[in-house]
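Single-letter residue listing:
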Amino acid sequence: MLTIDQATYDAIIAHAKRDHPDEACGIVAGPEGSDRPERFIEMINAAGSPTFYEFDSTDLLQLYKEMDANDEEPVIVYHSHTATEAYPSRTDIGLAMEPNAHYVLVSTRNCSNDGGNDEGPAEFRSYRIVDGNVTEEEINIVATLS
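What counts, and where the lines are drawn
Residues numbered from 1 in each chain as written. Predicted model: local features only at pLDDT ≥ 70, side-chain atom pairs only at ≥ 80, totals over all residues. Heavy atoms only, no water. Salt bridge = Lys/Arg side-chain N within 4 Å of Asp/Glu carboxyl O. Helix = DSSP H or I, 4+ residues; strand = E, 2+ residues; numbered from the N terminus. Buried < 20%, exposed > 50% of the residue type's maximum accessible area, 1.4 Å probe, protein only. 1 Å grid on protein atoms, 1.4 Å probe; cavity = no way out; pocket = protein on both sides within 12 Å on 5 of 7 lines; lining within 4 Å. Points joined across faces, edges and corners; volume = space filled by probe spheres on them. Pairing = 2+ DSSP bridges. Axes fitted to C-alpha atoms, helices over the stretch in contact; angles between N-to-C directions. Contact = heavy atoms within 4.5 Å.

Trainee: How should I be thinking about the pattern of salt bridges in this particular structure?
Mentor: A side chain with one charge can pair with a side chain of the opposite charge if their charged atoms come near. If you walk through the whole model with that rule in mind, you get 10 salt bridges. Glutamate 38 is the partner of arginine 36 in a salt bridge, and the nearest nitrogen-oxygen pair spans 2.8 Å. Arginine 39 is paired through a salt bridge with glutamate 72; the nearest N and O atoms lie 2.8 Å apart. Separated by 33 residues along the polypeptide, arginine 39 in strand β3 (residues 39–43) and glutamate 72 in strand β4 (residues 72–81) bring together distant segments of the chain. On the basis of relative accessibility, which here comes to 26%, the residue arginine 39 falls in the partly exposed class. A residue is classified by how much of its surface remains accessible, and glutamate 72, at 14% relative accessible area, is buried.

Have a look at this one:
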């Protein structure tokens, strides 16, 4: 089960809506071994695409250096789908390299209203992806992580 605080949940959805019609992506880091998503890191989709996301390799290397220095790890790896449901594509599954991470997908397909990106609900789902196996998990949204 993914336990996430309301502010981080809201920040992920806001990022996905803001970047629509392109896919948004980012990471929420937390203390190593804690499964606590504490530090929201919005990344730039280097692919600039509505159908694919790619972390900028320089930014990602810098982020991993920061996480290493802070004894953190990626607790959530998130991205959005702009025209399809919030379910990992074959490409997403192939790119999933963090066996301990929660892979969050946000679908903004129902959020666009005549080109706007703030209308309608976003679909927010979480998965574990290990060795190509996808398992959807429950999400517990709390006011604050205690």
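Trainee: Please explain empty space enclosed by the protein as it appears in this structure.
Mentor: One way to see where empty space is left: roll a probe the size of a water molecule over the atoms. If you walk through the whole model with that rule in mind, you get one cavity of 30 Å³ or more. One number sums up the size of the largest cavity: a volume of about 40 Å³. Tyr53, Val77, His79, Pro88, Asp92, Tyr103, Val104, Leu105 and Ile129 are the residues that line the largest cavity. Taken together, the elements giving at least two residues each to the lining of the largest cavity come down to β4 and β5 (102–107).

Trainee: Is there a simple way to explain unusual backbone geometry in this structure?
Mentor: Of all residues except glycine, most have a negative phi; of all peptide bonds, most are trans. Between histidine 20 and the following residue, proline 21, the backbone shows a cis peptide bond with an omega angle of 20 degrees. The residue aspartate 35 is not glycine, and still its phi comes out positive at about 60 degrees. Within the element layout of this structure, aspartate 35 appears in the loop between β2 (25–31) and β3.

Trainee: What is the right way to look at the pairing of strand β7 (residues 133–137) in this model?
Mentor: Regular strands place side chains that alternate from one sheet face to the opposite one. Where strand β6 (residues 123–130) and β7 come together, five bridges link them in antiparallel fashion. Paired with isoleucine 129 across the two strands is valine 134, which belongs to β7. Connecting the antiparallel pair β6 and β7 is a turn made up of two residues, with aspartate 131 showing a positive phi of about 50 degrees.

Trainee: Got a minute to help me understand the sheet that holds β3 in this structure?
Mentor: Adjacent strands of a sheet pair through backbone hydrogen bonds, lying either parallel or antiparallel. With mixed pairing, six strands are arranged side by side in an open sheet as β3-β2-β4-β5-β6-β7. A strand with exactly one partner marks an edge of an open sheet, and here the two such strands are β3 and β7. Across the sheet, the axes of successive neighbouring strands diverge by a mean angle of 30 degrees, strand direction being ignored. Taken together, the six bridges between β4 and β5 define a ladder with parallel strand orientation. Within β5, the position partnered with isoleucine 76 by the bridge is histidine 102. Packing against the sheet, helix α2 (residues 57–69) makes contact with β2, β3 and β4, and its axis sits at approximately 170 degrees to β3.

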